Amino acid sequence: MDLGVKDKKVLVTAASKGLGKACAKAYAEEGAHVVIASRNKSQLERAVTEIIEQTGNAKVEVVVCDLTKSQDIQHMIQAVGPVDILINNAGGPPAGKFNDFDDDDWQHAFELLLMNIIRTVRAVTPGMREQQFGRIVNITSSSMKQALDGLLLSNTFRPAIVGLSKSLSQELASDHILINSVGPGTMETDRIRDIYKQQPSDESVEERMQKAGANIPIGCIGQPEEFAKAILFLGSAANTYITGQTLIVDGGAMKTL
Ligand code: NAD
C-alpha cells in the first residue's frame, strides 16, 4: 500500500528515544521529511544519526523544545514551518496516588500531557487548513480507556485527550484534517525498563519483563516498532476515513470493549 507520506513534512514531538523515535524512524523509512523535537539537543542529534543510518533518508532534522513551555512550542512551530503530519508525544507523568501530588505536580502534568497537545494543534492547524490536508495522531496510554493502578495523573489527563480529539475531529474534518489517539499497552522502552528497575525484586528486569509478557495474550511485551506501524497508518494519506478514534496497541492485554 502506498501510504502517501513521501516528502510530507512530519513533526514528531518527544522523539529522542522510545516510541517517539520509533515513529520518526517509520516515517523516515517511507521517505518523509521528518523533524524530531525534544528537550536535549545532543540526545536528539544521536537519534537523528541513528535514524539516517538505519533508513538512508537524510531528510531528518531536530528542534529543541520543552513541551511544557508555551514559548518553546511557538518557537518549534516557527522553526519547522507548515506541517502535514503531527505526531503528539510527551514524556510520561510520575506514578503516584492522590495524596502524593500537590498543585505543582498537577499543573506540570496538565502542561505536559494536555496543554502541549492544545498548543501544537492550535499552531499547526491554520497551515493544514490552508493546504486542505492534515493528519494528527496523539500518543497517549491505555489509561485513556481503563485506569492504571498508581498512575493517577495519567488516568486523569489521558481521557481528556480523547474528549479533546473527538471534538477536534468534528471541527477539522471538513478541511480534510483527521485526528486520532493511539495508546500503548506495555512497549519495551527506557520508561518501562526504569519502572521495572525501581520495583524491588530478587529477579532481574529481563526475567520480570518476560513474565509480564507471558500474561499478555500475544505472549510478549511489544516493541516500539510494532507500535509505530499503527501511528504510521493513521497519520498517513492512506488513512482517508478514520478520525476521532482511539486505538489501543497492547497485544490484547486490555479486556475493555
Ligand atoms: P521514553 O521515556 O522512552 O521517551 C520519552 C520521550 O519524551 C524522550 O524523548 C524524552 O526526552 C521526551 N520528553 C520527556 N519530557 C519532555 C518534555 N517536557 N518536552 C519534550 N520532550 C520530553 O517514553 P516512552 O516509553 O517512549 O513513552 C512515550 C509516551 O507513551 C509517554 O507519555 C508514556 O507515558 C506513554 N506510554 C508508554 C508506554 C510504554 O509501554 N512504553 C505505556 C503507556 C504509555
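Residues numbered from 1 in each chain as written. Predicted model: local features only at pLDDT ≥ 70, side-chain atom pairs only at ≥ 80, totals over all residues. Heavy atoms only, no water.

### Considerations on the site of the ligand
No. 1: Every one of the 29 residues lining the ligand counts as a neighbour, but Ser16, Leu19, Ala90, Met187 and Thr189 are closest to it.
No. 2: Here a nitrogen atom of the ligand and a side-chain polar atom of Arg39 are 3.3 Å apart.
No. 3: In this structure, an oxygen atom belonging to the ligand sits 2.5 Å away from a side-chain N or O atom of Thr189.
No. 4: Bound to the protein, the ligand loses 92% of the 830 Å² it would expose on its own.
No. 5: Among the secondary structure elements, those contributing two or more residues to the shell around the ligand are helix H1 (18-29) and helix H6 (190-198).
No. 6: If one sorts the elements of the shell around the ligand by residue count, H6 sits on top with three residues.
No. 7: Each of domain 1 (9-187 + 223-248) and domain 2 (188-221) contributes no fewer than three residues to the shell around the ligand. (Near = heavy atom within 4 Å. Polar contact = N/O pair within 3.5 Å; in protein donor to acceptor, adjacent residues only side chain to side chain. Areas by Shrake-Rupley, 256 points an atom, 1.4 Å probe, with all protein chains shown as cover. Helix = DSSP H or I, 4+ residues; strand = E, 2+ residues; numbered from the N terminus. Domains from an automatic or database assignment.)

### Concerning helix H3 (residues 70-80)
No. 1: Looking only at H3, the buried set comprises Ile73, Met76, Ile77 and Val80. The buried residues of H3 occupy one face: seen down the axis, they fall within an arc of 90°. Opposite its buried face, H3 presents the exposed residues Gln71, Gln78 and Ala79, each directed more than 90 degrees away.
No. 2: As for H3, its buried residues are in contact with strand E1 (9-12), strand E2 (33-38), strand E3 (60-64) and helix H4 (103-131). (Buried < 20%, exposed > 50% of the residue type's maximum accessible area, 1.4 Å probe, protein only. Arc of directions from axis to C-beta. Contact = heavy atoms within 4.5 Å.)

### Some remarks on the domain arrangement of the chain
No. 1: Domain annotation of the chain identifies domain 1 (9-187 + 223-248) and domain 2 (188-221).
No. 2: For domain 1 versus domain 2, the distance between C-alpha centres works out to 25 Å.
No. 3: Each side of the interface is counted separately: domain 1 has 10 residues, and domain 2 has six residues.
No. 4: Connecting domain 1 to domain 2 are one salt bridge.
No. 5: Among the salt bridges present, the one from Lys17 reaches Asp190, with a minimum N-O distance of 3.5 Å.
No. 6: Between domain 1 and domain 2 we count three residue pairs in polar contact (both at pLDDT 80 or more) in total.
No. 7: A per-class count over the side of domain 1 that touches domain 2 returns five nonpolar, four polar and one charged. (Salt bridge = Lys/Arg side-chain N within 4 Å of Asp/Glu carboxyl O. Nonpolar A, V, L, I, M, F, W, Y, C, P; charged D, E, K, R; others polar.)

### Focus: the environment of Ser181
No. 1: Its place among the elements puts Ser181 in strand E6 (residues 177-184).
No. 2: For Ser181, a relative accessible area of 1% puts it in the buried group.
No. 3: It is 21 Å that separates the C-alpha atoms of Ser181 and Pro94, two residues lying 87 residues apart in sequence.
No. 4: When neighbours within four sequence positions are excluded, Ser181 is seen to be in contact with Asn138, Thr140, Met144, Ile161, Ser165, Gln245, Thr246 and Leu247.
No. 5: A distance of 3.3 Å separates the side chain of Ser181 from the side chain of Asn138, its partner in a polar contact.

### Things to note about the packing of H4 against helix H5 (residues 152-172)
No. 1: Contact geometry for H4 and H5: axes closest at 10 Å, N-to-C directions at 15°. Here H4 lies roughly parallel to H5, going by the angle between them. Along this stretch, H4 crosses H5, giving a crossing that reads as right-handed. Only Leu152, Leu153, Ser154, Thr156, Phe157, Arg158, Ala160, Ile161, Leu164, Leu168, Glu171 and Leu172 of H5 make contact with H4, whose side of the interface consists of Asp105, Trp106, Ala109, Phe110, Leu113, Leu114, Ile117, Ile118, Val121, Thr125 and Arg129.
No. 2: Here the contact of H4 with H5 is built from residues that sort into 16 nonpolar, three polar and four charged. (Axes fitted to C-alpha atoms, helices over the stretch in contact; angles between N-to-C directions. Parallel < 35°, antiparallel > 145°, perpendicular 65-115°, else oblique. Left-handed = near helix turned anticlockwise from the far one by under 90°.)

### A closer look at the packing of aromatic side chains
No. 1: Counting across every chain of the model gives four aromatic pairs.
No. 2: Taking NZ or CZ as reference, Lys8 lies 4.8 Å from the ring centre of Phe133, over its face. (Phe/Tyr/Trp six-rings, centres within 6.5 Å; stacked < 30°, edge-to-face > 60°. Lys NZ or Arg CZ within 6 Å of the ring centre and 35° of its normal.)

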